[in-house]
Amino acid sequence: MPKYRFHKLAAIVVLVGFAAWMATGEFSSVGSAAADNEPKAGEVEQPKAVDAGNAKPSAAEQPKAALRTVAVITPPRRTYARAIRISGLTEADKRAVLATRVDGIIDKLPVKQGQHVKTGDLVLMLATEEKLSALSNAKQLVAQRQAELDAASRLAKTGNLPKLQLDNARSTLTLAQSMLEAMQAQLDRNEVRAPFDGVIDRVPVELGSSVMQGGEVATILSLDPVIARGEVSERDLGYLKIGDKANVRLVSGQNVEGTVRYISRDASSATRTFRVEIAIPNPEGTIPAGMTAEIALSAQPTDAVMLPRSVVTLGDKGDLGIRAVDKDDKVVFFPIDLVDDTPTGLVLGGIPADARIIVAGQELVKEGEVVEPVEADQATIQKLLGEATAGTQ
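Along each chain, numbering runs from 1 in the same order as the chain's sequence is written. Local features in this predicted model are restricted to residues of pLDDT 70 or higher, and side-chain atom pairs are both shown and tallied only at a pLDDT of 80 or more, whereas totals for entire chains, interfaces and linings draw on every residue. Values reported for side chains reflect all heavy atoms of the structure, with hydrogen atoms and water molecules removed beforehand.

J.: Would you mind going over the overall build of the protein with me for this structure?
T.: A run of H or I in DSSP becomes a helix once it reaches four residues, and a run of E becomes a strand once it reaches two; helices and strands are each numbered from the N terminus. Looking only at helices and strands, one finds six helices and 20 strands in the protein. Here the protein, with 393 residues, has 32% of them falling under the buried criterion. Any two residues having at least one pair of non-hydrogen atoms within 4.5 Å are treated as being in contact. Pairs at least 24 apart in sequence give 73% of the contacts found in the protein among residues at least 6 apart. For the exposure calls, accessible area comes from a 1.4 Å probe over protein chains only, and a residue counts as buried if that area is under 20% of its type's maximum, exposed if over 50%, partly exposed in between.

Structure (C-alpha coordinates):
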(Lines give C-alpha, C1' and ligand atoms only; values in the text may rest on other atoms or scores of the structure.)
Protein backbone atom coordinates (compact mmCIF):
# COMPACT_ATOMS: atom_id res chain seq x y z
CA MET A 1 0.00 0.00 0.00
CA PRO A 2 2.80 2.58 0.75
CA LYS A 3 4.23 1.77 -2.66
CA TYR A 4 0.86 2.46 -4.33
CA ARG A 5 0.56 5.80 -2.55
CA PHE A 6 4.03 6.76 -3.76
CA HIS A 7 3.12 6.18 -7.39
CA LYS A 8 -0.13 8.05 -6.99
CA LEU A 9 1.68 11.02 -5.47
CA ALA A 10 4.28 11.01 -8.25
CA ALA A 11 1.57 11.04 -10.88
CA ILE A 12 -0.14 14.01 -9.25
CA VAL A 13 3.16 15.94 -9.15
CA VAL A 14 3.80 15.28 -12.87
CA LEU A 15 0.24 16.34 -13.78
CA VAL A 16 0.55 19.59 -11.81
CA GLY A 17 3.91 20.35 -13.44
CA PHE A 18 2.55 19.71 -16.96
CA ALA A 19 -0.43 21.96 -16.33
CA ALA A 20 1.86 24.72 -15.11
CA TRP A 21 4.04 24.39 -18.25
CA MET A 22 1.05 24.52 -20.56
CA ALA A 23 -0.16 27.65 -18.83
CA THR A 24 3.07 29.47 -19.71
CA GLY A 25 2.32 29.13 -23.50
CA GLU A 26 5.94 28.28 -24.35
CA PHE A 27 7.25 25.02 -25.77
CA SER A 28 10.76 23.87 -25.51
CA SER A 29 11.09 22.94 -29.22
CA VAL A 30 9.71 26.26 -30.52
CA GLY A 31 11.67 28.16 -28.02
CA SER A 32 14.81 26.34 -29.06
CA ALA A 33 14.15 27.18 -32.69
CA ALA A 34 13.58 30.80 -31.83
CA ALA A 35 16.71 30.85 -29.80
CA ASP A 36 18.66 29.35 -32.64
CA ASN A 37 17.34 32.04 -35.02
CA GLU A 38 18.27 34.93 -32.73
CA PRO A 39 21.68 36.47 -33.51
CA LYS A 40 24.36 35.85 -31.08
CA ALA A 41 26.41 38.61 -29.58
CA GLY A 42 28.61 40.30 -32.17
CA GLU A 43 26.69 38.85 -35.17
CA VAL A 44 24.60 40.79 -37.73
CA GLU A 45 21.04 39.64 -38.17
CA GLN A 46 20.52 37.88 -41.56
CA PRO A 47 17.38 38.44 -43.65
CA LYS A 48 14.81 35.71 -43.40
CA ALA A 49 14.53 33.26 -46.30
CA VAL A 50 11.58 33.70 -48.63
CA ASP A 51 9.47 30.76 -49.76
CA ALA A 52 10.53 30.13 -53.36
CA GLY A 53 7.14 28.66 -54.18
CA ASN A 54 5.18 31.82 -53.35
CA ALA A 55 7.62 34.59 -54.28
CA LYS A 56 7.53 36.19 -57.81
CA PRO A 57 10.84 36.89 -59.60
CA SER A 58 11.61 40.40 -60.79
CA ALA A 59 11.02 41.51 -64.38
CA ALA A 60 14.72 41.16 -65.13
CA GLU A 61 14.71 37.59 -63.79
CA GLN A 62 11.62 36.50 -65.81
CA PRO A 63 12.48 34.21 -68.86
CA LYS A 64 11.54 35.43 -72.36
CA ALA A 65 8.61 33.68 -74.10
CA ALA A 66 9.74 31.05 -76.62
CA LEU A 67 9.41 32.22 -80.27
CA ARG A 68 7.27 30.14 -82.60
CA THR A 69 9.29 28.32 -85.25
CA VAL A 70 8.14 28.46 -88.87
CA ALA A 71 9.59 26.91 -92.03
CA VAL A 72 10.39 29.38 -94.81
CA ILE A 73 11.69 29.25 -98.38
CA THR A 74 12.83 31.83 -100.92
CA PRO A 75 11.50 30.32 -104.15
CA PRO A 76 13.20 30.91 -107.51
CA ARG A 77 11.51 33.40 -109.80
CA ARG A 78 10.63 32.69 -113.43
CA THR A 79 8.65 34.19 -116.26
CA TYR A 80 5.30 32.43 -116.61
CA ALA A 81 2.64 32.93 -119.25
CA ARG A 82 -0.49 34.09 -117.49
CA ALA A 83 -3.29 31.53 -117.90
CA ILE A 84 -6.94 32.57 -117.76
CA ARG A 85 -9.31 29.60 -117.58
CA ILE A 86 -13.00 29.99 -118.34
CA SER A 87 -15.89 27.70 -119.20
CA GLY A 88 -17.67 28.03 -122.50
CA LEU A 89 -19.47 26.43 -125.44
CA THR A 90 -18.68 25.81 -129.07
CA GLU A 91 -20.87 27.46 -131.68
CA ALA A 92 -21.00 27.83 -135.44
CA ASP A 93 -19.06 30.62 -137.09
CA LYS A 94 -22.17 31.36 -139.17
CA ARG A 95 -25.74 30.19 -138.78
CA ALA A 96 -28.60 30.96 -141.16
CA VAL A 97 -32.25 29.97 -141.14
CA LEU A 98 -33.31 29.80 -144.79
CA ALA A 99 -36.84 30.85 -145.71
CA THR A 100 -38.93 31.31 -148.86
CA ARG A 101 -39.68 34.75 -150.23
CA VAL A 102 -42.98 33.67 -151.79
CA ASP A 103 -45.54 31.01 -151.02
CA GLY A 104 -45.96 27.88 -153.11
CA ILE A 105 -45.55 24.12 -153.42
CA ILE A 106 -42.11 22.57 -152.96
CA ASP A 107 -41.10 21.16 -156.34
CA LYS A 108 -37.42 20.38 -155.67
CA LEU A 109 -35.63 19.60 -152.41
CA PRO A 110 -32.15 18.32 -153.36
CA VAL A 111 -30.57 18.54 -149.88
CA LYS A 112 -30.90 16.56 -146.69
CA GLN A 113 -29.74 16.97 -143.10
CA GLY A 114 -25.98 16.69 -142.63
CA GLN A 115 -25.18 17.41 -146.26
CA HIS A 116 -22.31 19.78 -147.09
CA VAL A 117 -23.13 22.51 -149.59
CA LYS A 118 -21.25 25.26 -151.37
CA THR A 119 -22.23 28.88 -151.82
CA GLY A 120 -25.02 29.14 -154.40
CA ASP A 121 -26.07 25.48 -154.29
CA LEU A 122 -29.82 24.93 -154.71
CA VAL A 123 -31.52 24.04 -151.45
CA LEU A 124 -35.19 24.25 -152.46
CA MET A 125 -37.37 25.25 -155.42
CA LEU A 126 -41.10 25.94 -155.54
CA ALA A 127 -43.35 24.99 -158.45
CA THR A 128 -42.92 27.54 -161.25
CA GLU A 129 -45.21 26.51 -164.15
CA GLU A 130 -47.01 29.86 -164.53
CA LYS A 131 -43.89 31.91 -163.88
CA LEU A 132 -41.88 29.96 -166.45
CA SER A 133 -44.54 30.64 -169.06
CA ALA A 134 -44.57 34.33 -168.23
CA LEU A 135 -40.78 34.41 -168.38
CA SER A 136 -40.83 32.78 -171.81
CA ASN A 137 -43.34 35.36 -173.10
CA ALA A 138 -41.20 38.16 -171.72
CA LYS A 139 -38.14 36.84 -173.52
CA GLN A 140 -40.06 36.66 -176.82
CA LEU A 141 -41.29 40.21 -176.36
CA VAL A 142 -37.75 41.43 -175.80
CA ALA A 143 -36.62 39.68 -178.95
CA GLN A 144 -39.47 41.28 -180.91
CA ARG A 145 -38.73 44.74 -179.57
CA GLN A 146 -35.05 44.28 -180.36
CA ALA A 147 -35.88 43.39 -183.97
CA GLU A 148 -38.14 46.43 -184.29
CA LEU A 149 -35.36 48.68 -182.98
CA ASP A 150 -32.87 47.24 -185.43
CA ALA A 151 -35.24 47.86 -188.36
CA ALA A 152 -35.98 51.39 -187.19
CA SER A 153 -32.26 52.09 -186.90
CA ARG A 154 -31.64 51.03 -190.52
CA LEU A 155 -34.49 53.18 -191.79
CA ALA A 156 -33.33 56.14 -189.74
CA LYS A 157 -29.84 55.93 -191.30
CA THR A 158 -31.30 56.17 -194.81
CA GLY A 159 -33.55 59.05 -193.75
CA ASN A 160 -36.76 57.07 -194.27
CA LEU A 161 -37.78 57.11 -190.60
CA PRO A 162 -38.30 60.09 -188.37
CA LYS A 163 -36.03 60.29 -185.30
CA LEU A 164 -39.10 60.32 -183.03
CA GLN A 165 -40.15 56.82 -184.14
CA LEU A 166 -36.60 55.57 -183.53
CA ASP A 167 -36.75 56.88 -179.98
CA ASN A 168 -40.11 55.12 -179.45
CA ALA A 169 -38.57 51.83 -180.62
CA ARG A 170 -35.77 52.22 -178.06
CA SER A 171 -38.30 52.92 -175.29
CA THR A 172 -40.42 49.88 -176.08
CA LEU A 173 -37.29 47.67 -176.00
CA THR A 174 -36.28 49.08 -172.63
CA LEU A 175 -39.77 48.41 -171.25
CA ALA A 176 -39.72 44.83 -172.54
CA GLN A 177 -36.30 44.25 -170.93
CA SER A 178 -37.60 45.57 -167.59
CA MET A 179 -40.54 43.19 -167.75
CA LEU A 180 -38.16 40.30 -168.47
CA GLU A 181 -36.01 41.21 -165.46
CA ALA A 182 -39.12 41.40 -163.25
CA MET A 183 -40.26 37.97 -164.43
CA GLN A 184 -36.80 36.54 -163.82
CA ALA A 185 -36.77 38.04 -160.30
CA GLN A 186 -40.15 36.46 -159.54
CA LEU A 187 -38.84 33.13 -160.74
CA ASP A 188 -35.70 33.50 -158.64
CA ARG A 189 -37.85 34.04 -155.55
CA ASN A 190 -39.07 30.49 -155.98
CA GLU A 191 -35.54 29.25 -155.32
CA VAL A 192 -33.63 29.02 -152.02
CA ARG A 193 -29.85 28.75 -152.36
CA ALA A 194 -26.99 28.34 -149.88
CA PRO A 195 -25.62 31.76 -148.80
CA PHE A 196 -22.23 30.30 -147.77
CA ASP A 197 -20.27 27.06 -147.56
CA GLY A 198 -21.58 24.91 -144.75
CA VAL A 199 -23.57 21.94 -143.62
CA ILE A 200 -27.36 21.58 -143.70
CA ASP A 201 -28.31 21.07 -140.07
CA ARG A 202 -32.12 20.98 -140.26
CA VAL A 203 -34.75 20.53 -142.98
CA PRO A 204 -38.23 20.85 -141.45
CA VAL A 205 -40.17 20.52 -144.76
CA GLU A 206 -40.91 17.73 -147.22
CA LEU A 207 -41.05 17.54 -150.99
CA GLY A 208 -44.52 18.45 -152.28
CA SER A 209 -45.60 20.28 -149.14
CA SER A 210 -46.95 23.83 -149.19
CA VAL A 211 -45.03 26.66 -147.57
CA MET A 212 -46.02 30.21 -146.78
CA GLN A 213 -43.97 33.27 -147.61
CA GLY A 214 -41.22 33.58 -145.00
CA GLY A 215 -41.61 29.96 -143.89
CA GLU A 216 -38.48 28.17 -142.60
CA VAL A 217 -37.22 25.50 -144.98
CA ALA A 218 -33.65 24.73 -143.77
CA THR A 219 -30.88 25.70 -141.34
CA ILE A 220 -27.29 25.93 -142.53
CA LEU A 221 -24.18 26.11 -140.33
CA SER A 222 -20.62 27.14 -141.11
CA LEU A 223 -18.32 25.13 -138.82
CA ASP A 224 -14.92 26.05 -140.23
CA PRO A 225 -13.75 27.68 -138.13
CA VAL A 226 -15.81 26.59 -135.15
CA ILE A 227 -16.05 29.17 -132.36
CA ALA A 228 -15.45 28.57 -128.64
CA ARG A 229 -17.32 31.26 -126.72
CA GLY A 230 -16.77 32.21 -123.07
CA GLU A 231 -16.93 35.10 -120.60
CA VAL A 232 -13.96 36.73 -118.87
CA SER A 233 -14.05 38.84 -115.71
CA GLU A 234 -13.31 42.53 -115.42
CA ARG A 235 -10.00 41.72 -113.71
CA ASP A 236 -8.78 39.47 -116.54
CA LEU A 237 -9.97 41.61 -119.45
CA GLY A 238 -6.87 43.81 -119.46
CA TYR A 239 -4.56 40.82 -119.98
CA LEU A 240 -6.12 39.77 -123.33
CA LYS A 241 -5.77 41.01 -126.89
CA ILE A 242 -6.88 39.94 -130.35
CA GLY A 243 -4.60 37.25 -131.77
CA ASP A 244 -3.66 35.63 -128.44
CA LYS A 245 -3.37 31.84 -128.53
CA ALA A 246 -5.80 29.66 -126.60
CA ASN A 247 -6.09 25.97 -125.72
CA VAL A 248 -9.58 24.49 -125.72
CA ARG A 249 -10.43 21.22 -124.00
CA LEU A 250 -13.74 19.78 -125.15
CA VAL A 251 -16.00 17.71 -122.91
CA SER A 252 -15.20 14.75 -125.17
CA GLY A 253 -11.56 14.97 -124.04
CA GLN A 254 -10.28 16.41 -127.32
CA ASN A 255 -7.72 19.23 -127.04
CA VAL A 256 -7.54 21.83 -129.80
CA GLU A 257 -5.82 25.17 -130.31
CA GLY A 258 -7.34 28.43 -131.47
CA THR A 259 -6.88 32.18 -131.66
CA VAL A 260 -8.75 35.00 -129.94
CA ARG A 261 -10.70 36.74 -132.70
CA TYR A 262 -13.15 38.88 -130.71
CA ILE A 263 -13.26 40.54 -127.28
CA SER A 264 -16.44 42.36 -126.35
CA ARG A 265 -16.22 45.88 -124.94
CA ASP A 266 -19.73 45.78 -123.52
CA ALA A 267 -20.08 43.92 -120.21
CA SER A 268 -23.08 41.77 -119.44
CA SER A 269 -25.38 43.70 -117.10
CA ALA A 270 -26.14 40.53 -115.13
CA THR A 271 -22.64 39.08 -114.62
CA ARG A 272 -20.30 42.01 -115.39
CA THR A 273 -18.31 39.73 -117.69
CA PHE A 274 -17.12 40.19 -121.27
CA ARG A 275 -17.72 37.85 -124.21
CA VAL A 276 -14.62 36.31 -125.82
CA GLU A 277 -14.57 34.25 -129.04
CA ILE A 278 -11.86 31.74 -129.98
CA ALA A 279 -11.63 30.67 -133.64
CA ILE A 280 -10.65 26.99 -133.99
CA PRO A 281 -9.77 25.46 -137.38
CA ASN A 282 -12.29 22.70 -138.19
CA PRO A 283 -11.85 21.73 -141.85
CA GLU A 284 -13.38 18.28 -141.40
CA GLY A 285 -16.28 19.56 -139.35
CA THR A 286 -15.55 17.09 -136.56
CA ILE A 287 -16.16 19.63 -133.77
CA PRO A 288 -19.90 20.26 -133.44
CA ALA A 289 -21.60 23.39 -132.19
CA GLY A 290 -23.03 23.45 -128.67
CA MET A 291 -20.33 21.32 -126.99
CA THR A 292 -19.11 22.24 -123.49
CA ALA A 293 -15.50 23.45 -123.48
CA GLU A 294 -12.83 24.63 -121.05
CA ILE A 295 -10.88 27.54 -122.50
CA ALA A 296 -7.33 28.33 -121.34
CA LEU A 297 -6.18 31.71 -122.60
CA SER A 298 -2.43 32.39 -122.70
CA ALA A 299 -1.98 36.06 -121.87
CA GLN A 300 1.18 38.17 -121.55
CA PRO A 301 4.04 36.60 -119.53
CA THR A 302 4.77 37.89 -116.03
CA ASP A 303 7.37 37.42 -113.27
CA ALA A 304 6.08 34.94 -110.68
CA VAL A 305 6.93 32.01 -108.38
CA MET A 306 5.49 28.52 -108.06
CA LEU A 307 4.29 27.47 -104.60
CA PRO A 308 2.20 24.65 -103.13
CA ARG A 309 -1.50 25.36 -102.61
CA SER A 310 -1.16 24.91 -98.85
CA VAL A 311 0.74 28.20 -98.43
CA VAL A 312 -2.25 30.30 -99.51
CA THR A 313 -4.16 31.70 -96.54
CA LEU A 314 -6.54 34.48 -95.59
CA GLY A 315 -5.34 37.86 -94.38
CA ASP A 316 -6.84 39.98 -91.62
CA LYS A 317 -9.14 41.63 -94.18
CA GLY A 318 -10.27 38.35 -95.68
CA ASP A 319 -8.22 38.56 -98.89
CA LEU A 320 -6.16 35.66 -100.25
CA GLY A 321 -2.42 35.82 -99.90
CA ILE A 322 0.69 34.34 -98.33
CA ARG A 323 2.52 35.01 -95.09
CA ALA A 324 6.24 35.73 -95.13
CA VAL A 325 9.01 36.85 -92.78
CA ASP A 326 10.75 40.22 -93.17
CA LYS A 327 14.34 41.14 -92.30
CA ASP A 328 13.37 41.62 -88.62
CA ASP A 329 11.78 38.14 -88.47
CA LYS A 330 8.30 39.65 -88.28
CA VAL A 331 5.37 38.08 -90.06
CA VAL A 332 4.05 40.08 -93.03
CA PHE A 333 1.16 39.38 -95.43
CA PHE A 334 1.25 39.76 -99.23
CA PRO A 335 -1.93 39.59 -101.36
CA ILE A 336 -1.41 37.32 -104.36
CA ASP A 337 -2.09 37.53 -108.08
CA LEU A 338 -2.99 34.06 -109.38
CA VAL A 339 -1.09 33.69 -112.65
CA ASP A 340 -1.81 29.98 -113.23
CA ASP A 341 -3.09 26.88 -111.47
CA THR A 342 -1.00 23.89 -112.53
CA PRO A 343 -0.97 20.25 -111.37
CA THR A 344 2.35 20.87 -109.58
CA GLY A 345 1.33 24.03 -107.71
CA LEU A 346 0.12 27.60 -107.95
CA VAL A 347 1.93 30.22 -110.00
CA LEU A 348 1.65 33.43 -107.98
CA GLY A 349 2.55 37.00 -108.80
CA GLY A 350 2.71 40.11 -106.62
CA ILE A 351 5.30 38.65 -104.21
CA PRO A 352 8.53 40.63 -103.55
CA ALA A 353 11.73 39.05 -104.86
CA ASP A 354 13.40 38.76 -101.42
CA ALA A 355 10.35 37.46 -99.54
CA ARG A 356 10.94 34.50 -97.23
CA ILE A 357 7.64 32.69 -97.61
CA ILE A 358 6.27 30.64 -94.73
CA VAL A 359 5.45 27.13 -95.97
CA ALA A 360 4.79 25.50 -92.58
CA GLY A 361 3.16 27.15 -89.58
CA GLN A 362 1.59 30.06 -91.47
CA GLU A 363 -1.82 29.38 -89.93
CA LEU A 364 -0.41 29.58 -86.40
CA VAL A 365 1.03 33.10 -86.64
CA LYS A 366 -0.35 36.54 -87.36
CA GLU A 367 0.93 39.73 -88.96
CA GLY A 368 3.49 41.60 -86.84
CA GLU A 369 4.42 38.60 -84.72
CA VAL A 370 8.14 37.90 -84.27
CA VAL A 371 8.99 34.29 -85.15
CA GLU A 372 12.02 32.08 -85.52
CA PRO A 373 12.34 31.26 -89.25
CA VAL A 374 14.01 28.02 -90.29
CA GLU A 375 14.85 27.22 -93.89
CA ALA A 376 12.66 24.36 -95.09
CA ASP A 377 14.55 21.36 -96.38
CA GLN A 378 14.00 19.89 -99.82
CA ALA A 379 12.07 16.95 -98.38
CA THR A 380 9.49 19.31 -96.87
CA ILE A 381 9.16 21.27 -100.10
CA GLN A 382 8.78 18.12 -102.18
CA LYS A 383 6.18 16.81 -99.76
CA LEU A 384 4.16 20.01 -100.03
CA LEU A 385 4.36 20.01 -103.81
CA GLY A 386 3.49 16.31 -103.85
CA GLU A 387 0.37 16.96 -101.78
CA ALA A 388 -0.60 19.77 -104.15
CA THR A 389 -0.21 17.43 -107.11
CA ALA A 390 -2.20 14.67 -105.43
CA GLY A 391 -4.99 17.11 -104.65
CA THR A 392 -5.58 17.73 -108.35
CA GLN A 393 -5.77 14.09 -109.37
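J.: What am I meant to see in the nonpolar core here?
T.: The tendency in soluble globular proteins is for nonpolar side chains to be buried as a group. Only buried residues count toward a nonpolar core, which is a set of Ala, Val, Leu, Ile, Met, Phe, Trp, Tyr and Cys residues joined through side-chain atoms within 4.5 Å. One finds Val 232, Leu 240, Val 248, Ile 278, Ile 280, Ile 295 and Leu 297 to be the most contacted residues of the largest nonpolar core, which totals 28 residues. In terms of residues, this core owes the most to one element, strand E9 (residues 216-232), which gives five residues. Apart from residues lying up to four places away in sequence, Leu 240 is in contact with Ile 84, Val 232, Ile 263, Val 276, Leu 297 and Ala 299. Of all hydrophobic cores here, the second largest spans 19 residues; its members include Val 102, Val 217, Ala 218 and Ile 220.

J.: So what exactly am I meant to see when it comes to the environment of Ile 242 here?
T.: Its place among the elements puts Ile 242 in the loop between helix H5 (234-237) and strand E10 (245-250). In sequence terms Ile 242 and Ile 263 are 21 residues apart; their C-alpha atoms lie 7.1 Å from each other. For Ile 242, the residues in contact, after removing those within four places along its chain, are Val 260, Arg 261, Tyr 262 and Ile 263.

J.: Would you explain the pattern of salt bridges in this entry?
T.: Once their charged atoms are close, side chains differing in charge can pair, the charge on each being opposite to the other. Think of a salt bridge as a Lys or Arg side-chain nitrogen and an Asp or Glu carboxyl oxygen that are within 4 Å of each other. Within the structure shown, the criterion is met by 15 salt bridges. Between Glu 91 and Arg 275 there is a salt bridge, and its shortest N-O distance comes to 2.6 Å. Taken together, the residues span a long stretch of sequence, with Glu 91 in strand E2 (residues 78-99) and Arg 275 in strand E12 (residues 274-280) at a distance of 184 residues. Since its relative accessible area comes to 21%, Glu 91 is described here as partly exposed. Between Arg 323 and Glu 367 there is a salt bridge, and its shortest N-O distance comes to 2.8 Å. One end of the pair, Arg 323, is in strand E15 (residues 320-325); the other, Glu 367, is in the loop between strand E19 (356-360) and strand E20 (372-375), with 44 residues separating them in the sequence.

J.: How should I be thinking about the sheet that holds strand E6 (residues 191-193) in this particular structure?
T.: Pairing between the strands of a sheet comes from backbone hydrogen bonds, and it takes one of two forms, parallel or antiparallel. Paired strands, in this sense, are two strands between which DSSP finds at least two bridges. In space, the four strands of this open sheet follow the order E6-E5-E3-E8, with antiparallel pairing throughout. In this open sheet, the two strands that pair with only one neighbour each are E6 and strand E8 (210-211). The pairing of strand E3 (residues 104-108) with E8 spans two bridges and is antiparallel. Note on E8: the bridge partner recorded for Ile 105 is Ser 210.

J.: I keep staring at unusual backbone geometry and nothing clicks. Help me out?
T.: Trans is the prevailing form of peptide bonds, just as negative phi is the prevailing case for residues other than glycine. The linkage connecting Asp 224 with the following residue, Pro 225, adopts the cis geometry, with an omega of 5°. By the secondary structure assignment, Pro 225 is in strand E9. Although it is not a glycine, Arg 272 adopts a positive phi angle of roughly 60°. Position of Arg 272 among the secondary structure elements: in the loop between strand E11 (255-263) and E12.

J.: Would you mind going over the environment of Arg 323 with me for this structure?
T.: A relative accessible area of 7% means that Arg 323 is categorised as buried. In this structure the C-alpha to C-alpha distance between Arg 323 and Ile 358, which are 35 residues apart in sequence, comes to 5.8 Å. Those residues within four positions of Arg 323 in sequence are excluded, and the remaining contacts are Thr 313, Leu 314, Val 331, Val 332, Phe 333, Ile 357, Ile 358, Gln 362, Glu 363, Val 365, Lys 366 and Glu 367. Distance and chemistry together define a polar contact, namely a pair of N or O atoms within 3.5 Å, with one atom able to donate a hydrogen and the other to accept it when in protein, and with adjacent residues in sequence counting only for side-chain atoms on both sides. A distance of 3.3 Å separates a polar atom in the side chain of Arg 323 from the backbone oxygen of Leu 314. Among the polar contacts made by the side chain of Arg 323, one reaches the main-chain carbonyl oxygen of Gln 362 at a distance of 3.0 Å.

Nothing here speaks to function; it is all geometry.
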